[in-house]
Amino acid sequence: QVQLVESGGGLVQAGASLRLSCAASGRTFSRYAMAWFRQAPGKEREFVARIIWANGSTYYTDSVKGRFTISRDNAKNTVYLQMNSLKPEDTAVYYCAAGSNIRTYDDWGQGTQVTVSS
């Protein structure tokens, strides 16, 4: 099992930036991919971005392409989500997840709230 702890959320105005962090511990050698998901009030959880731990390959959902960047720091076992040009529709609880493949995420963090005001 991989333990994940997110941080970096907050309340910002539209157009601002935030950087989320996700620190991993435990059986980190077992993860193949790390990803960020989000869940807005009254909506289902949705995929935001993922990174393949071994080679750094990334993938984004269309709504965040060009604004969000996922990255990793191998030495710190940490994944980041740099969010620029934030919009009110980005408001959600953001979750970090670790998976044994790109479709199955077995370990989840507790989430961090991001609120973007207009």
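Before reading further, recall that the structure is shown in the block above.
Worth saying up front: this structure is predicted, and the values here are computed from it rather than measured. (Residues numbered from 1 in each chain as written. Predicted model: local features only at pLDDT ≥ 70, side-chain atom pairs only at ≥ 80, totals over all residues. Heavy atoms only, no water.)

Student: Quick one: what's the story with the environment of A49, residue by residue and with numbers?
Tutor: Here A49 shows up in strand β5 (residues 46-52). Classification of A49 as buried rests on a relative accessible area of 0%. For A49 and A14, which are 35 residues apart along the polypeptide, the C-alpha to C-alpha distance reads 20 Å. Sequence-distant contacts of A49, defined by excluding residues within four places in its chain, comprise M34, A35, W36, Y59, Y60, I70 and L81. (Helix = DSSP H or I, 4+ residues; strand = E, 2+ residues; numbered from the N terminus. Buried < 20%, exposed > 50% of the residue type's maximum accessible area, 1.4 Å probe, protein only. Contact = heavy atoms within 4.5 Å.)

Student: A description of the pattern of salt bridges should follow, citing residues and the corresponding values.
Tutor: Note on pairing: side chains with opposite charge can pair once their charged atoms come close. Scanning the entire structure with this criterion turns up 4 salt bridges. As a salt-bridge pair, D90 and R38 come within 3.0 Å of each other at their nearest N and O atoms. Linking D90 in the loop between β8 (78-83) and β9 (92-99) with R38 in strand β4 (residues 33-39), this pair joins segments that are 52 residues apart in sequence. With respect to class, D90 is no different from R38; both count as buried. A salt bridge links R67 to D90; its shortest N-O distance comes to 2.7 Å. You can see R67 sitting in the loop between β6 (58-60) and β7 (68-73) and its partner D90 sitting in the loop between β8 and β9, a full 23 residues away along the chain. (Salt bridge = Lys/Arg side-chain N within 4 Å of Asp/Glu carboxyl O.)

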